[in-house]
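Per-entry structural report
This is what each chain is made of:
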Amino acid sequence: MTPKIFAFLLASLFLASCAQTRPPELYLLEARTSAAAKPARANIDRIGLSEVKLPAYARNEKIASQTAGNKIVQDDDNRWAEPPEEAVSRTLSQSLETQLGAAVVVGPFPRGLDPDLRVEVRFNKFLRSETGAAEMGGQYGILSGDGREVLLLQTFSITAPASAQDYSSYLNAVSAGLSQLSQQISRSTRSGKVTRSLRNG
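Residues numbered from 1 in each chain as written. Predicted model: local features only at pLDDT ≥ 70, side-chain atom pairs only at ≥ 80, totals over all residues. Heavy atoms only, no water.

1. What to know about the overall build of the protein
Regarding its fold elements, the protein presents 4 helices and 8 strands. Mapped from its N terminus to its C terminus, the protein presents α and β elements in the order α-β-β-β-β-α-β-β-β-β-α-α. Out of the 201 residues belonging to the protein, those deemed buried represent 42%. Contacts spanning at least 24 positions in sequence make up 70% of the contacts within the protein whose residues lie at least 6 apart. Taken as a whole, the protein presents about 11300 Å² of accessible surface, with 50% of it coming from carbon and sulfur. (Helix = DSSP H or I, 4+ residues; strand = E, 2+ residues; numbered from the N terminus. Buried < 20%, exposed > 50% of the residue type's maximum accessible area, 1.4 Å probe, protein only. Contact = heavy atoms within 4.5 Å. Areas by Shrake-Rupley, 256 points an atom, 1.4 Å probe, with all protein chains shown as cover.)

What follows is the structure, given as structure tokens:
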């Protein structure tokens, strides 16, 4: 076999393998919205939401799943359609708007923005379980509008079941879990220290 024929066969095999490689499936996270938003509470017109912080394994665009023995695997073939922290921040802000009936602006905040409250959320768990459920946990803080005073710190742990084990069902479960989190944050805005801050603000 001549070198030219060998090179041609090698190139043909390479092109054939490339043709058989399928692109990864991309999944877009959408917020769960109710038919009607709740009316805005007194003194809350605008909330500033800092971009959420996810664990290192969940920041990758490959969807992370937990398997037996606490092993975490990232799927090459199933990925987020956008950076996960951006997707979760966007979806949580939409859910908060629905819960509070107030405008929610995601950081970094534009110059001159003067929110009534600020919310910061940090996840220490954000995984797809073996059953396809969305498991998330962490801590959120509610701060004064200028961000200088922490009014409330609260932990959360949420498991949102999936209707099936496919990745589309997992993204629906993530959306449901973030809706639960937005409800918890909304209830926290009614706590004593937060409402006193709003009255004094």
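2. Examining the pattern of salt bridges
One pass over the full model with this rule turns up 4 salt bridges. The residue R59 makes a salt bridge to E85 at a minimum N-O spacing of 3.5 Å. With R59 in the loop between β2 (46-49) and β3 (62-67) and E85 in helix α2 (residues 84-100), this residue pair connects regions lying 26 residues apart in the sequence. On the basis of relative accessible area, R59 is assigned to the partly exposed category, the value being 45%. Among the ionic pairs, R90 bridges to E82, the shortest N-O distance being 2.5 Å. (Salt bridge = Lys/Arg side-chain N within 4 Å of Asp/Glu carboxyl O.)

3. Re the pairing of strand β7 (residues 134-144)
Regular strands have side chains that alternate between both faces of the sheet. The element β7 is largely enclosed, with a buried count of 10 among its 11 residues. Examined bridge by bridge, strand β6 (residues 117-128) and β7 share 11 bridges and lie antiparallel to one another. The partner of F123 across the bridge, within β7, is G138. Between β6 and β7, which pair antiparallel in sequence order, lie 5 residues; one of them, G132, sits at a positive phi of approximately 95°. Pairing of β7 with strand β8 (residues 150-160), which is carried by 10 bridges, proceeds in the antiparallel orientation. Looking across to β8, one finds that Y140 is bridged to Q154. What sits between the antiparallel neighbours β7 and β8 is a turn of 5 residues, in which G147 has the positive phi angle 80°. (Pairing = 2+ DSSP bridges.)

4. A short note on the environment of V73
Tracing the backbone shows V73 in strand β4 (residues 71-80). In this structure V73 comes out as partly exposed when scored by relative accessible area, which is 31%. Between the C-alpha atoms of V73 and Y57, which are 16 residues apart in sequence, the distance is 9.1 Å. Excluding residues within four positions of it along the chain, V73 makes contact with I63, A64, S65 and T67.

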